[in-house]
Amino acid sequence: MYARILVPMALDHDISPQTLAIANALLNPDGEIIALHVHEEPQGSVTSYLDAETIKAGRDAAKDKLMEKTATLPNVRPVLVSGHSSRTIIDYADSNDVSCIVVGSHKPGLRDYFLGSTAARVVRHAGCAVHVYRKTDTL
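Residues numbered from 1 in each chain as written. Predicted model: local features only at pLDDT ≥ 70, side-chain atom pairs only at ≥ 80, totals over all residues. Heavy atoms only, no water.

This next bit is on the pairing of strand β4 (residues 100-105). Most of β4 sits out of view: five of its six residues are buried. Here strand β1 (residues 2-8) pairs with β4 via two bridges, running parallel. Residue I5 lies in a different strand from β4, and its bridge partner there is C100. Here β4 runs beside strand β5 (residues 129-134); their pairing, made up of six bridges, is parallel. If you follow V103 over to β5, its bridge partner there is V132. (Buried < 20%, exposed > 50% of the residue type's maximum accessible area, 1.4 Å probe, protein only. Helix = DSSP H or I, 4+ residues; strand = E, 2+ residues; numbered from the N terminus. Pairing = 2+ DSSP bridges.)

Shown next as structure tokens:
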């Protein structure tokens, strides 16, 4: 059982109900689940085509969706941060005394073997326990 569990949430994937349920099963009775969404800001030259209001609207939409997905869940604290997904997840866990990360994963493709998925990077570099949930396809 863990006292503080971090659940990174990609808001465009439909895996968060499963990862949050796993975190709840692993949680100490007086523990806390942190539902973390890492909002990646537009890259380099893309920002020259977007005004500040458009960028803020994207972040606000992500915050609203995160709040919606976690509104009815006890012991879950939603957190929205900006940064690069895997590095930010690891840094957040390190600086917030997280004892376990529950992360969702997809079936790896060829690209993942060269670049690594977010889940793979978290597994390799996290300083705490990591539980990976892989959604399986049904036949």
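A separate point is the side chain of S86. Mapped onto the elements of the fold, S86 is located in helix α3 (residues 85-95). Among residues more than four places away in sequence, those in contact with S86 are T118, R121 and V122. (Contact = heavy atoms within 4.5 Å.)

Of the volumes computed, that of the second largest pocket is approximately 160 Å³. M9, D14, S16, P17, L20, A21, N24, I33, K69, L73, P74 and V76 together form the lining of the second largest pocket. Here the element with the most residues in the lining of the second largest pocket is helix α1 (residues 16-26); it accounts for five residues. Class assignment for the residues of the lining of the second largest pocket results in eight nonpolar, two polar and two charged. (1 Å grid on protein atoms, 1.4 Å probe; cavity = no way out; pocket = protein on both sides within 12 Å on 5 of 7 lines; lining within 4 Å. Points joined across faces, edges and corners; volume = space filled by probe spheres on them. Nonpolar A, V, L, I, M, F, W, Y, C, P; charged D, E, K, R; others polar.)

Attention now moves to a nonpolar patch on the surface. Side chains of V46, Y49 and L50 sit close together on the surface and give an oily, nonpolar patch of about 320 Å² of accessible area. For L50, the location among the structural elements is in the loop between β2 (27-39) and α2 (52-70). The exposure class of L50 is partly exposed, given its relative accessible area of 31%. (Patch = residues over 30% accessible without salt bridge, like charges linked within 9 Å, V, L, I, M, F, W, Y side chains within 5 Å. Areas by Shrake-Rupley, 256 points an atom, 1.4 Å probe, with all protein chains shown as cover. Salt bridge = Lys/Arg side-chain N within 4 Å of Asp/Glu carboxyl O.)

Take it as geometry only, folks, not as evidence of what the structure does.
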